Amino acid sequence: MDIKNQIQLKFHGVDFVDVHFTSHKAYRKTSGQKVDVNINPSIFYPQEHKQRFNILMDISVNAESFFKLKLQAIGNFEFNGSIEDKHQQHYINLNAPAIMFPYLRSFISTLTSNVGGPTGTITIPPQFFLGNLKEIDIEEFGQK
């Protein structure tokens, strides 16, 4: 029997690096105002560590005239071995954002629950990540 070492994608956590919340008036789900959610993931490859990569997610949650929440989070990932390019891209573009997203979703729910009256608890619906992430360089990574 031939046993192969399984490639593992290690998740080292999420860093919330920028959070902005503004409230103009109290939002109620019964107000009829739709809550818009925009998620923009991108990827950064640190030059000094070839097996590591970071997923940067810019998220905005907005109910026009009521509130606006913008946040940036960085997911820290690493491969524990060599991997074929096509498999690597699958892990990076689909698995990594899917692993990271529940932490963002939970953060948003907890934050909006704790601010109380302005929003009530906002629960972001599950997301599916398809397609290739935009790669950013060190200058863009530092500015985001």
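Shown above is the structure to which this text applies.
Summary of the structure given here.

Rules of the game
Residues numbered from 1 in each chain as written. Predicted model: local features only at pLDDT ≥ 70, side-chain atom pairs only at ≥ 80, totals over all residues. Heavy atoms only, no water. Salt bridge = Lys/Arg side-chain N within 4 Å of Asp/Glu carboxyl O. Buried < 20%, exposed > 50% of the residue type's maximum accessible area, 1.4 Å probe, protein only. Helix = DSSP H or I, 4+ residues; strand = E, 2+ residues; numbered from the N terminus. Pairing = 2+ DSSP bridges.

## Looking at the pattern of salt bridges
(1) Moving on: One pass over the full model with this rule turns up two salt bridges.
(2) Moving on: A salt bridge links Lys34 to Asp36; its shortest N-O distance comes to 3.5 Å.
(3) Moving on: With a relative accessible area of 58%, Lys34 lands in the exposed category.
(4) Moving on: Looking at Asp36, the relative accessible area reads 33%, which means it is partly exposed.
(5) Moving on: Here Glu78 and Arg52 are joined by a salt bridge, their closest N and O atoms 3.9 Å apart. Residue Glu78 is located in strand β4 (residues 67–79), and its partner Arg52 is located in strand β3 (residues 52–63); the two are separated by 26 residues in the primary sequence.
(6) Moving on: Residue classification places Arg52 among the partly exposed residues on the basis of a relative accessible area of 36%.

## Some words on the pairing of β4
(1) Moving on: For β4, the buried fraction is high: eleven of the 13 residues fall into the buried class.
(2) Moving on: The sheet contact formed by strand β1 (residues 9–23) and β4 spans twelve bridges and is antiparallel. For His20, the partnering residue across the bridge sits in β4 and is Lys70.
(3) Moving on: The hairpin formed by β3 and β4 contains three residues between the paired strands, and Ser65 there has a positive phi angle of roughly 75 degrees.

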